[in-house]
Amino acid sequence: MELNAKIPSGPIEQRWTKHRFEMKLVSPANKRKYTVIVIGTGLAGASAAATMAELGYNVRVYTYNDSARRAHSIAAQGGINAAKNYQNDGDSVYRLFYDTVKGGDFRSRESNVYRLAELSVNIIDQCVAQGVPFAREYSGLLDNRSFGGAQVSRTFYARGQTGQQLLLGCYQALQKEVAGGNAKVFTRHELLDVVVVDGVARGVVLRDMVSGRIFSDAADAVVLATGGYSNVFFLSTNAKGCNVTATWRAHRRGAGFANPCFTQIHPTCIPPSGEYQSKLTLMSESLRNDGRIWVPKRAGDTRAPGDIPEDERDYYLERLYPAFGNLSPRDISSRRAKEMVDRGHGVGPLRNGVYLDFKDAIARLGREKIRERYGNLFAMYEKITGEDPYEVPMRIYPAPHYTMGGLWVDYNLQTTIPGLFAAGEANFSDHGANRLGASALMQGLADGYFILPLTIGDWLARVKPGANTTDHPAFRDAEREAKARVDALLAVGGKTSVDTFHMRLGRIMWDKCGMSRNAAGLKEALDQVRQLREEFWRDVRVLGSGDTLNQSLEKAGRVADFLEFAELMCYDALARDESCGAHYREEHTTEDGEAKRNDEKFAFVSVWEFRGVGEEPILHKEPLTFEYVPLSTRSYK
C-alpha cells in the first residue's frame, strides 16, 4: 500500500493556493460528460454534491434516509468555528490552526489543518448567503461564543440548532440542482460495496431498501461521505442508523483505514438511566460556556444539589485547569468526569453523572438571556429527564461521540483506491487524536464546498469521461457477493436478536476499548469479539425476507460489519502504545493523571491494510512532521 499524502511544498499559508493552481481543470463544456456518485447527504455529502452539480458535473446521490435532510449532521447543535476575529479577541487563521493541531494532541497533518482554518472564513460567508440564521448581536453583526480548547470566541451558532440549519442550507442548494437536472437524489438506498476495476474505483453496489433490489451504479469518481462509526459501542450519541458499512466495505476492497481507535468521548451527554436504552442524547458543548461543572466533595453524598452548600462543592475543572476551566477540551473533561464518578462522587439516581449548573449564570445574566441562548436544549433536557434545568442542575456524563479515525486520504481527500474519495467524518484527515468542539461542521463544509469540487476535478481531468459502465464483470461479481451476504444473514435462522449481539459488542468495546484502554483488556477484547462474531453467524435471528423493506436485515448487515471492524479498532489501540488525546492507555499516564504521548515512536498516522476476516491486518505508517506547531506537552492549566 503506497501512502503518498501529496502535500504541497512551500510556506504553509501558501500551500493550498499553490496546489489549486497546479491542479488540472476540466473545461465547462466537458464537465457534463463526467458522472460523480456521492454516498451520504450530511454536510460533507450534500455540500459536495450541490457544488459539483452547480459546476456542471452529473451527480447521483444516495442516502439510506427517507430525505436528504435527515442526515445525522442535524444533531451537531453547538456551532461552527471560523477565524474571523469578530470579537477582536486575538483570533486568527494561525491561532485556529494552532488550537486544532494542539487539540488533536499532535496526531494530525499540519497542511490539512491549516487549509481547514484558512477555509473557515469562507464557509461562514457561504452559509450566510444561503440564509442560515446565525445568531446576531444587537448591532446586527454575527455573534460568537466560546467552545472547549480555545481561549477566543470563534464559534458561530444558530441557538442549539446549528447543524440542522447548516444542513438545510446544503439541502436547498442540492435541491436547486435537482430541479435543474444536474443532480439526482435517491433516498432509501444503502451502499453494500465499492466496485474496483484494475485498482480504480468504478462504482458502487446498492440495495433499494424498499424493494430489496440489489444493483450497481458506475461513475467516473465515487465520494463516501457516510459519517462515523461510534455505534460500534451500541450506546452513543449517534443516530441509530449511523454505521461503518460504507467505509468498511471500501477498506475490504483495498482502502487504507487510518487511526480507527481514535474515537471521541463527549463530556456532556445525559447519563444512561437503565439497561433498556438504545442510544444516548447529547447536550451541546455550548452549555459549558455558562454552566459550571461540579460534584459533591464528599463521596457518596446523596443530598439534593440545592442542599449542598458552595464550600462542599468541587468545581473540579476550574480547580484543575484554571486557564480553561469548564471549557477544557473534550477528552480531558471526559476523563475527569469518569474519575469523579469512579471515586464515588457521582450524582443522580444511579450515581453515574456530574452536575452542569446554571444557577450562577441565571443570577448574572437573567433567565431570559439563558433561555435565548439555550432554550431548546433546556426544553429537550426537561422532556427526557423530567427535571427543569432552570431550577436544578443538569446531570451529564461522557459518551461515545465523533470518530477521528476513518479512511486514509491524501491532501486531495482521495483514498488509497484511485477514484474513491472520502469526506467529512468518513475520513481521518484533520482532527488527530481528539476533535475540538465546533470543528466537525467546519470540516464537513470545507471538504464539500471548497476542497472536493477542485480535487475531484483534478482526478477527472486525468481520466477518460464516461468510460465506466456496469457491463464490466467486476460489477456482476460484486453484486453476487453482496446478495450472498444478504442471503447468508437470512439463512442463519438463529434465536438471538440482532440488537442483543450489538449490545454485547458495545459492552465489550466500551469496557476494553472505550474511554480508557490497557494491553490486557485489548487482548481480551480481540478474543471476545472473535467469539461473538462466530456466535453471531451461528445464532442471529433476522426476520422477514430480502425482497422488501426489512429493518431487521439492515441492522444485521451493519452489525456484521461492526463485528469485523471492532477487531481492527482493538488492533490499532493495542499497537499505539502511548496515550494521546482520546486514546488513553492506562499504562502511559503522567503523575497528575494526564495522557502521556510518545512522540519518538508514535508521531505517525496508523494506516491499516485488510488481509481477511479474522486475519491480523498490516500496519503502514505515515510519518507526521511539525514545522509550525512544535511538539510540546499539551497543557490547559
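Structure shown above.
What you are looking at is a predicted structure, and each value in this text was computed from that prediction instead of being measured. (Residues numbered from 1 in each chain as written. Predicted model: local features only at pLDDT ≥ 70, side-chain atom pairs only at ≥ 80, totals over all residues. Heavy atoms only, no water.)

**Points about the overall build of the protein**
Tallying secondary structure elements over the protein gives 17 helices and 21 strands in all. In terms of overall dimensions, the protein is globule-like: its C-alpha atoms have a radius of gyration of 24 Å, near the 26 Å expected for 637 residues. When its C-alpha atoms are laid out on the principal axes, the protein stretches across 75 × 60 × 50 Å. Burial status across the protein gives 61% buried among its 637 residues. In the protein, of all internal contacts separated by at least 6 residues, the share reaching a separation of at least 24 is 74%. (Helix = DSSP H or I, 4+ residues; strand = E, 2+ residues; numbered from the N terminus. Rg over C-alpha atoms; globule rule 2.2 N^0.38 Å. Buried < 20%, exposed > 50% of the residue type's maximum accessible area, 1.4 Å probe, protein only. Contact = heavy atoms within 4.5 Å.)

**What to know about unusual backbone geometry**
Unlike most non-glycine residues, lysine 6 shows phi in positive territory, near 55°. As for its position among the elements, lysine 6 is in the segment before α1 (15-22). Taking relative accessible area as the criterion, lysine 6 reaches 35% and is therefore assigned partly exposed. One non-glycine residue with positive phi stands out, namely arginine 159, at about 50°. For arginine 159, the position within the fold is in the loop between β4 (155-156) and α6 (162-180).

**As for the environment of alanine 250**
Its location among the elements puts alanine 250 in helix α7 (residues 245-252). For the pair formed by alanine 250 and glutamate 524, sequence separation is 274 residues and the distance between their alpha carbons is 27 Å.

**Quick notes on the side chain of asparagine 238**
By the element assignment, asparagine 238 lies in the loop between β9 (221-224) and α7. The exposure class assigned to asparagine 238 is buried, which follows from its relative accessible area of 4%. In this structure the side chain of asparagine 238 is engaged in a polar contact, spanning 3.3 Å, whose partner is the backbone oxygen of histidine 401. Apart from the residues within four sequence positions on either side, asparagine 238 is in contact with His72, Gly228, Ser230, Asn231, Lys279 and His401. (Polar contact = N/O pair within 3.5 Å; in protein donor to acceptor, adjacent residues only side chain to side chain.)

**Digging into the state of the cysteines**
Enumeration over the complete set of coordinates arrives at zero disulfides. In this model cysteine 580 remains outside any disulfide bridge; the closest cysteine sulfur is found in cysteine 261, 7.0 Å from its own. (Disulfide = S-S within 2.5 Å.)

**Structural notes on the sheet that holds strand β21 (residues 618-623)**
Consider a sheet: its strands pair through backbone hydrogen bonds, and that pairing is either parallel or antiparallel. Strand order in this open sheet of four strands is β16-β10-β20-β21, and the pairing throughout is antiparallel. Each having just a single partner strand, β16 (406-407) and β21 make up the two edges of the open sheet. Here six bridges tie strand β20 (residues 604-609) to β21, and the two strands are oriented antiparallel to one another. Looking at β21, one finds that glutamate 609 is bridged to isoleucine 618. (Pairing = 2+ DSSP bridges.)

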